[in-house]
Amino acid sequence: MPTCLLDYAFSTAPTPLQVNGPNSQATSRINLSVSAPTTGIFCSEITVAVPVGVTASDFCLEAPSTSVNTGKWTIASQDVVKGEEIGLPPGEYASITFQCRDQADYGLGYSLVLSLVGVVNSVTGTFVYAVREMSGTSPDDLTPKTGQHGISKQDAIFTLTNFVATAADKPTVPGTIYGNGQAVRLSWESTGTWFQLYAKGGSSPLYAGAATSFTVDGGLSVDTQFVLVASVTGNPSQDSPSPGYQTIYLYDALTLAVSNPDLTPRTVTATGAVTAASATVKGRTTALGGMDVGIDAAPTDVRLHGKMQVTESVSTAGLAVTGPANLTQNLQVTGSATIGQGLQVTGMTTLGDASASVLNAASVTGGGITANGPGNSLVVQGGGQLWIDTGNRNAAQIFNTSNQYPCGWFQNRAGRTGNYVTGVVGWVAQTSDTGLYTNGRMALSSGTAALTHLPTRHGHRVVTSPLVTEAELHISGSGHLTDGRARVEFDEDVADLVLYTHHTPYRVLVTPTGRCAGLLVVEKTAGFFIVEEAGEGHSDAPFDWIVITRQRADGENTIAMELPSALPIPEEPPGDGVVA
């Protein structure tokens, strides 16, 4: 058989491939980059085969999972076959066929990478990666061509590589500069078993453990150098070594910069003007004749048009504390504040520990209030109501850093029953707007699905969605037979949603809407299915169809999403007050 026309370039992770130890099940990846050496070469299909088993000439223990980097190609089939069936030496092979969806893309004028991920066996050696392509110099005249590539497996060696930083919310985009307080995720690759992560100036590790990533949730405030220490040990804090013992370490370092760092100079001397969006004063501040912050004004009082942060106290004749205080921007208090008649804040009011009577005022009118104390930092009692009206911006933003308690907890304690809404109402401007949005799952402990009602000639009728035991996707449409046979092809974006493997086929329900001898589905693939008339009929009957397919796991092409075995149990936050 002729040799391949296309060029193939291999990359592996790790490099080189490493065998697993007796108690290890680490996965390895082989990426195959495919390109045309010149224009005028076309390809519609590529089948790759790798040996599976436990010998030196096998790649992995079981058939690998597969994926492709572009939606222009799809995984048409994946099977385990005998080598004799595909022209290879005896043994079992995982055979995976990738197909191009559209003839217009046969020319490969784009990036195409085919990826396999499997658990490498425990025997060193070299295995064959076989390729069979349907190619040619005309898109209408493609013939099979083959090629083989040898890939080696080596004993596992102690390595430490790819020490990188990413933003916590963008784990695939590495960087070296981050904002002050922005969460940063550090990750690395290693065959080590214990890691210690040190930050500049710290004598104790910021992290110690077996995981290969760590997130600095609070972010960085200044430029910081991290040093990573890897070893092939357990927790060394439990060691009691004998004389002469020495642990083998590998080291790597990474320096990250902060775009807006916190600076703590010993002194600052300026011959010109100094402008600050905020100022922190830990000692005593004396203003002779008044103080202006943020604007040019007569120095007869204190006027706050920027942001003032106080950690102890401010005493000045220009600050009216016996009468009402009016601030046009923000007030932040970490000690205590007492206002005689009332406090009116156009911007944001930030309070410390509310349990220590941080704010005592006859009235409070604010553009926003932030309470930083432990426990119930902001409590509304006695039939009061927390009212927020911010105009054209988010009315409420709630954050926490707990992996146990929910970000928001709403509970009606009336204990009544009946057809009333006693929980949370989200009323939007019009019915076409989205009223509830989340990037996670929705869980209902009542045992019912979501309810709505639809108009009928006799009023509204309550309806609900079906309850199923697996994460499914339903796709429907219509077709018609031509001489007793029909091929139903999925649209390209629909085909990307269909999960079809040897172990996870989808189901097809067909209903004839014209006279025929009956219908049956004779073939199913990831991109289409074929319907034929029973009894070798030859009618042109129309029909309706429904496809029920398992939903793909996130980012996977061959693995179905699994529902959790039980619903999570929400943890009620401590305290008896109304928590905002």
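Here the structure is shown first, and the text comes after it.
Residues numbered from 1 in each chain as written. Predicted model: local features only at pLDDT ≥ 70, side-chain atom pairs only at ≥ 80, totals over all residues. Heavy atoms only, no water.

## A few points about the layout of surface pockets
In step 1: Taken as a whole, the second largest pocket holds about 2,400 Å³ of empty space.
In step 2: Met442, Leu444, Ala449, Ala450 and Leu451 are, among the 46 residues lining the second largest pocket, the residues nearest its centre.
In step 3: For the lining of the second largest pocket, the element with the most residues is strand S30 (residues 451–456), which contributes three residues.
In step 4: Residues that form the lining of the second largest pocket fall into these classes: 25 nonpolar, 17 polar and four charged. (1 Å grid on protein atoms, 1.4 Å probe; cavity = no way out; pocket = protein on both sides within 12 Å on 5 of 7 lines; lining within 4 Å. Points joined across faces, edges and corners; volume = space filled by probe spheres on them. Helix = DSSP H or I, 4+ residues; strand = E, 2+ residues; numbered from the N terminus. Nonpolar A, V, L, I, M, F, W, Y, C, P; charged D, E, K, R; others polar.)

## Observations concerning the packing of aromatic side chains
In step 1: All chains considered together, the criterion is met by twelve aromatic pairs.
In step 2: Ring geometry for Phe490 and Tyr506: centres 5.9 Å apart, planes at 75°, overall edge-to-face. Of the two residues, Phe490 sits in the loop between strand S33 (485–489) and helix H1 (492–495) while Tyr506 sits in the loop between H1 and strand S34 (507–512), which places them 16 residues apart along the sequence.
In step 3: Using a relative accessible area of 1% as the deciding quantity, one classes Tyr506 as buried.
In step 4: Three or more aromatic residues joined by ring pairs make a cluster, and in this case those are Phe163, Trp188, Phe195, Tyr207 and Phe214.
In step 5: The cationic tip of Arg487 hangs over the ring face of Phe528; the distance from NZ or CZ to the ring centre is 3.5 Å.
In step 6: A cation over an aromatic ring shows up here: Lys524 above the ring of Tyr506, its NZ or CZ 5.6 Å from the ring centre. (Phe/Tyr/Trp six-rings, centres within 6.5 Å; stacked < 30°, edge-to-face > 60°. Buried < 20%, exposed > 50% of the residue type's maximum accessible area, 1.4 Å probe, protein only. Lys NZ or Arg CZ within 6 Å of the ring centre and 35° of its normal.)

## Considerations on the pairing of strand S8 (residues 112–119)
In step 1: Along S8, seven of the eight residues are buried, which leaves the element largely enclosed by surrounding structure.
In step 2: In the sheet, strand S5 (residues 65–68) pairs with S8 via four bridges, with the strands oriented antiparallel. Bridge pairing in S8 links Val68 to Leu114. (Pairing = 2+ DSSP bridges.)

## Thoughts on the nonpolar core
In step 1: Within the largest apolar cluster, 35 residues are counted, with the highest numbers of intra-cluster contacts made by Val34, Ile46, Val48, Trp73, Leu112, Leu114 and Tyr129.
In step 2: Every element with two or more residues in this core is listed here: strand S3 (27–35), strand S4 (42–51), strand S6 (73–82), strand S7 (92–100), S8, strand S9 (125–138) and strand S10 (141–154).
In step 3: By size, the runner-up hydrophobic cluster in this structure holds 19 residues, among which are Leu186, Tyr207, Leu228 and Leu254. (Core = buried A, V, L, I, M, F, W, Y, C linked by side-chain atoms within 4.5 Å.)

## A closer look at the pattern of salt bridges
As a working rule, side chains carrying opposite charge can pair if their charged atoms are close by.
In step 1: What the rule picks out here adds up to eight salt bridges.
In step 2: In this structure, Asp105 and Lys72 form a salt bridge, with 3.7 Å as the shortest nitrogen-oxygen distance. Of the two residues, Asp105 is situated in the loop between S7 and S8 and Lys72 in the loop between S5 and S6; the sequence distance between them amounts to 33 residues.
In step 3: Given a relative accessible area of 18%, Asp105 falls into the buried group.
In step 4: The exposure class of Lys72 is partly exposed, given its relative accessible area of 30%. (Salt bridge = Lys/Arg side-chain N within 4 Å of Asp/Glu carboxyl O.)

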